[in-house]
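Letter by letter, the chains look like this.
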Amino acid sequence: MKFLTTFLKDLKLSFRTFYIYIEIALAVIFILVMLFVLPENFTTEHDIYTLIELEEPAYSSVRTLFDEGAEADRLIYLDSREAIENALLEDREAAGIHVFQSAEGRITYDFVLQGYESPKLVELLKQTFIGDLTTYMPDYEDQVSITTLGGAREKLSDRLTVLPVFLVLNSAFTGLFIVAAYIFMDKDEGTIKALTVTPAKISDYLLAKLGMMLVMGMLTSLLVTVAIARGSAHYGPLMIFMAAANLFGTAIGLLLTSFYDDLMKAMSSIFVVVFVLAFSTISYFMPSFSPLIIRMIPTYPMLVSIRELLYQQPNLTYVYATAGGLLAGAALIFMLALYRFKKTLTV
Amino acid sequence: MFRKILRITGRDVRSGLRDNIIVYVILAPFLSALILRGLIPSVGANVLQMAVDPSVEPAVVEYLETIGKVEVLEADGEALERRVRATDDVFGLRQAGEGGFEIVKEGNEQEGMDEIFELVLDAYVNQDLELPMDALVSDIGWKLPPLKQFGASVLVVFMSVFGGMVILINLVEEKQDNTLSAMNVAPVSRKAFVIGKGLLGVVIPVIHAFGVLLILGFEGLNYGMVTVAIFSIALISVLIGFVIGVMNDNVISAASSMKVLFVPILASIMGAIFLADKWNPLLYWSPFYWAFDSMNRIVLLEATWGVVLRNTGIVLAITAVVFALLSRRIARGLN
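Here the residue numbering is sequential within each chain, running from 1 through the sequence in written order. The order in which chains are written sets their letters, starting at A; the order in which ligands are written sets their numbers, starting at 1. At least 70 in pLDDT is required for a residue's local features to be given in this predicted model, at least 80 for side-chain atom pairs to be given and counted, and no such filter applies to totals for whole chains, interfaces and linings, which use all residues. To obtain the side-chain values, all non-hydrogen atoms of the structure were used and water was disregarded.

1. Concerning the overall build of chain B
For chain B, the helix and strand inventory stands at 13 helices and five strands. Here a residue-residue contact requires only that any non-hydrogen atoms of the pair lie within 4.5 Å. For chain B, the proportion of contacts with a sequence separation of at least 24, taken over those separated by at least 6, is 68%. All accessible-area figures derive from a Shrake-Rupley calculation using a 1.4 Å probe, and residue coverage is judged against the displayed protein chains alone. For chain B, the exposed surface amounts to about 14500 Å²; the carbon and sulfur share of it is 61%. Runs of H or I in DSSP of at least four residues are treated as helices and runs of E of at least two as strands, each being numbered from the N terminus.

Written out as structure tokens, the structure reads:
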């Protein structure tokens, strides 16, 4: 009951400060940029500069092969090897293909790369090409089968792929960023001292803050998801998950706050923590680079779980297991924060 | 006047050292550069990651190790499926019949990688076939990986925030302690005060930029151009510090302004990296975009003085316009 009163009072006050409107404004800006400024898929695949130096009829058959291939719209035809190398100098992420007749009279595919590619990637490219070629041979033996454990997944648009990053770094971590500011404001204004002579306990005070951040986080996450994902998100599990993630973020914010006696000092360590937590986005966008150390950062399973909930058939067991882990973590961190605040909050 | 300016800056340094904030702010970019340096060799080293069942012969494992990262499982059966179901992008492989293979995937791996894995195995299974064509791979000798290229530019531009943060923290502190009004009656001109407060915002990005580039081990950079580009970054830093510092009286607004600030920075940098070229004009309003463009060209060794000076000029112009628009507000905020 005391918790509820404190929570409602905090919530009412938070609507009087402008911070909650900043959160909403940020969410609206994100929605506007995603929906009206950028197209649904805004990243482009890099060009492949191509040169076919062959006599007829070999030229036409290779050209037809290229034009009917999956990468046809990325191919840009040039008229000399030098032109390919110059184009690669201009675009450091592009690659080239040079097809020519070798001294022995054999058709040779030369894949022209930049030079920073790893030896394994170079070998992978070569073997993929050879493998592709074997499938056209009369004596080719198809001895490889593929089994899919989960349901086949549709490809998410760039817009939907970016959504989990916003939901984690902004909505789930609303409290991590700002709960310190609210607590120090209460300290400066003497609210905390006043609280000590009321029957409310410190745990009520901290739980009310947790609740206030939860409302802000849920509000922005719902707003952004409805606008961007529309019908393709699984809203029930998503809201449960976002609640767990938000409580986890705010609990970390409370714990960090408990170690400092002014906001600016607390902010520096909050920035460092957010910086570390944001590292997992590298692996999220680059799945081939996902070392254990990055997968152990809590934001990694958060991003993966939210992405799951945007697929038609999500792996709910994984999502709920992650949510359970976050809730357990939030409870533990909250207890630690409470222990520390009991000693320091009124000082 | 010069001594007074230095005294004001010195006071901010002392106050920052007392709270350890300056230590955090100065060390954070260097630490990030060290982490990045550690990551660079492993990012992109293994595009294909595989877990293989004990049923797969050692010769196959040896072949697969030339094209990606292979994890040989000790137990057979369920263990392979458990490994594939883990959160990372790992394909499973087991022997299927005489000389055949079964690829096990979860379904949410990076698009197209399963086909690549299949083709690589096709190449192995059919290695005795006589092929009508040859394949070779060559390169143009460019050894700078994109992560190092973008990482350095991102760190240098992003760190402009830290210089601004020091100015901002000191201004908000002065306001909270009411020392700002004391300054108004002290024998220090407004100009000396502003320069003294802003000096750290210039010095810190300069230290950061040179430190980050040295830690990441760049060779052959034109450090003259680096200095000019950093100057424009330092200007942004000072702008951020003053605008947020004087416009906010309390901690919540200062903290929220810092959060809001990340939006244009991240949008400009991520936009410059990931957006297709035709969308870049959307970012022309942002000084961060121009600073990033200069740094990116410098590390790519393709910057010319003309481009660096043009970009610095644009940043200077944007900064001047913002200062002019907010000059009254800043003056009022300093009272």
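Following the structure, the description resumes.
2. Details of the packing of helix H10 (residues 235-257) of chain A against helix H14 (residues 299-308) of chain A
Residues and elements named next belong to chain A. Note on geometry: axes are lines fitted to C-alpha atoms, helical ones only across the stretch in contact, with angles between N-to-C directions running from 0 to 180 degrees. Two elements in contact, H10 and H14, have axes whose closest approach is 11 Å; the angle formed by their N-to-C orientations is 165°. Taken together, the axes of H10 and H14 lie roughly antiparallel to each other. The two elements H10 and H14 cross, and the hand of that crossing is left-handed. On H14, the residues touching Leu238, Phe241, Met242, Ala245 and Phe248 of H10 are Pro301, Met302, Ser305 and Ile306. Nonpolar residues are Ala, Val, Leu, Ile, Met, Phe, Trp, Tyr, Cys and Pro. Charged residues are Asp, Glu, Lys and Arg, and all others, Gly as well, are polar. Grouping the amino acids of the contact of H10 with H14 by side-chain chemistry returns eight nonpolar, one polar and no charged. In these notes the angle categories are as follows: under 35 degrees is roughly parallel, over 145 is roughly antiparallel, 65 to 115 is roughly perpendicular, and the rest is oblique. Handedness of each helix crossing follows the sense of rotation of the near helix against the far helix: counterclockwise by less than a right angle gives left-handed, clockwise gives right-handed.

3. A few points about unusual backbone geometry
All names here are of chain A. In the segment running from glutamate 56 into proline 57, the intervening peptide bond is cis, with an omega of 5°. Along the chain, proline 57 turns up in the loop between strand S1 (48-53) and helix H3 (58-68). Positive phi, close to 45°, is recorded for arginine 230, a residue that is not glycine.

4. Here we look at the interface of chain B and chain A
At the junction of the two partners, chain B supplies 90 residues and chain A supplies 89 residues. A simple way to read buried area is as the amount of 1.4 Å-probe accessible surface that goes missing from two parts once joined, with both sides added. Each partner contributes to the roughly 8400 Å² buried at the junction of chain B and chain A, and carbon and sulfur atoms together form 67% of this total. Between Lys or Arg on one side and Asp or Glu on the other, a salt bridge is scored when a side-chain nitrogen of the former is within 4 Å of a carboxyl oxygen of the latter. Joining chain B to chain A, the criterion identifies one salt bridge. One salt bridge in this structure joins B:Asp134 and A:Arg106, with 3.0 Å as the shortest N-O distance. Distance and chemistry together define a polar contact, namely a pair of N or O atoms within 3.5 Å, with one atom able to donate a hydrogen and the other to accept it when in protein, and with adjacent residues in sequence counting only for side-chain atoms on both sides. Inspection of the region where chain B meets chain A yields 27 residue pairs in polar contact (both at pLDDT 80 or more). By residue class, the composition of the side of chain B that touches chain A is 50 nonpolar, 19 polar and 21 charged. One ladder, built from five bridges, connects strand S5 (residues 144-148) of chain A with strand S4 (residues 101-105) of chain B; its direction is parallel. Note that in S4(B) the partner of A:Val144 across the bridge is B:Phe101. Two strands pair if DSSP finds at least two bridges between them.

5. Regarding the environment of A:Ala94
Residue and element names in this part refer to chain A. In this fold, alanine 94 is placed in the loop between helix H4 (81-90) and strand S3 (95-101). The buried category is assigned to alanine 94, whose relative accessible area is 2%. Along the primary structure alanine 94 and valine 162 are separated by 68 residues, whereas in three dimensions their C-alpha atoms are 24 Å apart. Those residues in contact with alanine 94 that lie beyond four places of it in its chain are His46, Asp47, Tyr49, Leu88 and Gln114. Three exposure classes are used, based on accessible area relative to the maximum for each residue type with a 1.4 Å probe and protein chains only: buried under 20%, partly exposed in between, and exposed over 50%.

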